[in-house]
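Fold and contact review
Spelled out from the first residue to the last, the chains are:
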Amino acid sequence: MTANMEHIDVLVSEVGPRDGLQMTKRVMATAAKQAWISAEAAAGVREIEVGSFVPATVLPQMADTAEVVAHALRIEGLTVAALVPNYVGAERAIAAGVHKITIPVSASETHSLRNVNRTHEQMLREVRRIAERIRALPPHRRPGFEAGLSTAFGCTLEGPVPQDRVVALAEALLEAGCDEVGLSDTTGYANPRQVRSLTLAVWRAVGQSKLSGIHLHNTRGLGLANVLAAVDLGLTTVDASLGGLGGCPFAPGASGNVVTEDLVFMLESMGLRTGIDLDALCRVREILKQELPDEPLYGMTPQAGLPKGFSPAALAQTGGSEA
Ligand code: ZN
């Protein structure tokens, strides 16, 4: 999809500094966030969602996002992404100079009202304003603009979310001016068959080029199974969080996002290139252990170690990707 896909098969997008940290009890120091981002980039991670531009009164963990962005922008080859809840957040993200803006739009209107106090119509208006703002910038300063279809696989308030509604919302968001949409299993309800059918339904409506990424949680242990369904189908960007940081307040013992280390292990051992050095990636956990001693870190691969004879995809003689 992007220039950052050069020589890789799957773009692993690290969202820990945003999705993970917004759930932690302790506020991580700015310097620690910056060290974390640098270390992951050095391990080969090419895209990181480094924070969100929400009011500090709402999420004190994200008060320093502009400073974190400034640091991340100095790392060569790294796509610096940020999440914004609305137009004001997008203004701040643009001023900070991010490469990519993601706005979550809940497929469940009840969830949208509860979380951001906005209906779908109001969210679409916000998206239109942001798209206009971006178009007014000189071409080299325009960030990519994605709408994340949150609760696309089900909602804690509404329960099942009809596929048609997700598809209609995707169409409306693209018409409102987003570059692309992403599917987001905010609640950890998704299963592999659903990943397949919803992805295909959205592709049929808007075209494959408008949906390349998926955001999955491991709340019920299906995170990697869902990734496999997505990647087999041809989705090329997968979100993940180092150490599964963040957890789920409703499911103690369950990691938050898909664990980056386990995801990279799965992809690389399947012969799919991520560009990430797994040993170096696992060492980045030390930063989290030190800075967030109270947070549980998840991930089976870092605990078990790499299998004897494990060979990363880029070096593997056999089992290369046929996709
Ligand atoms: Zn999430």
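In this report, the structure presented in the accompanying data block is examined. Treat the numbers as computed from the prediction; the structure is a model and nothing was measured.

**Details of the overall build of the chain**
- Across its full length, the chain carries 13 helices and 8 strands.
- For 323 residues, the compact-globule estimate of 2.2 N^0.38 gives 20 Å, and the chain sits close to it at 18 Å.
- Reported as C-alpha extents along the three principal axes, the dimensions of the chain are approximately 55 × 40 × 40 Å.
- Counting all 323 residues of the chain, 56% fall into the buried class.
- A total accessible area of about 13,900 Å² is found for the chain, and carbon and sulfur atoms account for 52% of it.
- Of the side-chain charges in the chain, 28 are positive and 35 negative, and the distance between the mean point of each set is 3 Å.

**Here's the deal with the sheet that holds strand 2 (residues 47-52)**
- Spatial ordering of the closed barrel is given by 1-2-3-4-5-6-7-8, a layout of 8 strands whose pairing is parallel. Sheet twist, expressed as the average angle between the axes of neighbouring strands with direction ignored, equals 30 degrees.
- Strand direction decides the pairing type here: strand 1 (residues 11-14) and strand 2, joined by 2 bridges, are parallel. Note that in strand 2 the partner of Ser13 across the bridge is Glu47.
- Sheet contacts for helix 2 (residues 30-42): strand 1 and strand 2; angle to strand 2, the most-contacted strand, approximately 165 degrees.

**A short note on the coordination of the zinc ion**
- Surrounding the zinc ion are the protein donor atoms Asp19 (OD), His215 (NE2) and His217 (NE2), which sit 2.0 to 2.1 Å from the metal.
- Spacing between the donor residues of the zinc ion along their common chain follows D-x195-H-x1-H. Pair noted here: Asp19 is in helix 1 (residues 16-20) and His217 is in the loop between strand 7 (211-215) and helix 9 (223-233), with a separation of 198 residues, a long-range link. Residues Asp19 and His217 agree in their burial class; the two are buried.

**A word on the pattern of salt bridges**
- Throughout the structure, instances matching the rule amount to 14 salt bridges.
- Glu158 serves as the salt-bridge partner of Arg165, at 2.9 Å between the closest nitrogen and oxygen.
- On the basis of relative accessible area, Arg165 is assigned to the partly exposed category, the value being 31%.

**Some details on the packing of helix 8 (residues 192-206) against helix 9**
- Contact pair helix 8 / helix 9: the axes reach a minimum separation of 8 Å and the direction vectors enclose 35 degrees. The handedness of the crossing between helix 8 and helix 9 is right-handed. Here helix 8 contributes Pro192, Val195, Arg196, Thr199, Leu200 and Trp203 to the contact with helix 9, which in turn contributes Ala225, Asn226, Ala229, Ala230 and Leu233.
- The class makeup of the residues in the contact of helix 8 with helix 9 is 8 nonpolar, 2 polar and 1 charged.

**Here's the deal with the nonpolar core**
- Of all hydrophobic cores here, the largest spans 93 residues; its most connected members are Leu173 and Leu183.
- Leaving out residues up to four positions away in the same chain, Leu173 has contacts with Val105, Leu124, Val127, Ala147, Leu149, Cys178 and Val181.

**Considerations on the pairing of strand 5 (residues 144-150)**
- With 6 of 7 residues buried, strand 5 is to be regarded as a mostly interior element.
- Alignment of strand 4 (residues 100-106) against strand 5, held across 7 bridges, turns out to be parallel. Looking across to strand 5, one finds that Ser106 is bridged to Ser150.
- The pairing of strand 5 with strand 6 (residues 180-184) spans 4 bridges and is parallel. In the sheet register, Gly148 faces strand 6, and the bridge partner there is Gly182.
- Regarding the hand of the β-α-β motif, the stretch spanning strand 5, helix 7 (residues 163-175) and strand 6 is right-handed.

**Thoughts on the environment of Val231**
- Looking at the secondary structure, you find Val231 in helix 9.
- Residue classification places Val231 among the buried residues on the basis of a relative accessible area of 14%.
- When the C-alpha atoms of Val231 and Arg118 are compared, they prove to be 33 Å apart, with 113 residues separating the residues in sequence.
- Ignoring any residue separated from it by four or fewer positions in sequence, one finds Val231 in contact with Val10, Val238, Leu267 and Leu272.

**Things to note about the packing of helix 9 against helix 10 (residues 260-269)**
- The interhelical angle for the contact between helix 9 and helix 10, taken along N-to-C directions, is 45 degrees, at an axis separation of 11 Å. For the element pair helix 9 / helix 10, the angle class is oblique. In this structure, helix 9 crosses over helix 10, and the sense of that crossing is right-handed. Contacts between helix 9 and helix 10 pair Leu224, Val227, Leu228 and Val231 from the former with Asp262, Leu263, Met266 and Leu267 from the latter.
- Counted by class, the contact of helix 9 with helix 10 contains 7 nonpolar, no polar and 1 charged residues.

Definitions and cut-offs
- Residues numbered from 1 in each chain as written.
- Predicted model: local features only at pLDDT ≥ 70, side-chain atom pairs only at ≥ 80, totals over all residues.
- Heavy atoms only, no water.
- Helix = DSSP H or I, 4+ residues; strand = E, 2+ residues; numbered from the N terminus.
- Rg over C-alpha atoms; globule rule 2.2 N^0.38 Å.
- Buried < 20%, exposed > 50% of the residue type's maximum accessible area, 1.4 Å probe, protein only.
- Areas by Shrake-Rupley, 256 points an atom, 1.4 Å probe, with all protein chains shown as cover.
- Lys, Arg positive; Asp, Glu negative; His and termini not counted.
- Charge placed at Lys NZ, Arg CZ, Asp CG, Glu CD.
- Pairing = 2+ DSSP bridges.
- Axes fitted to C-alpha atoms, helices over the stretch in contact; angles between N-to-C directions.
- Contact = heavy atoms within 4.5 Å.
- Donors = N, O, S within 2.8 Å, 3.2 Å for Na, K, Ca; no water.
- Salt bridge = Lys/Arg side-chain N within 4 Å of Asp/Glu carboxyl O.
- Left-handed = near helix turned anticlockwise from the far one by under 90°.
- Nonpolar A, V, L, I, M, F, W, Y, C, P; charged D, E, K, R; others polar.
- Core = buried A, V, L, I, M, F, W, Y, C linked by side-chain atoms within 4.5 Å.
- Right-handed = clockwise from strand over helix to strand, strands pointing away.
- Parallel < 35°, antiparallel > 145°, perpendicular 65-115°, else oblique.

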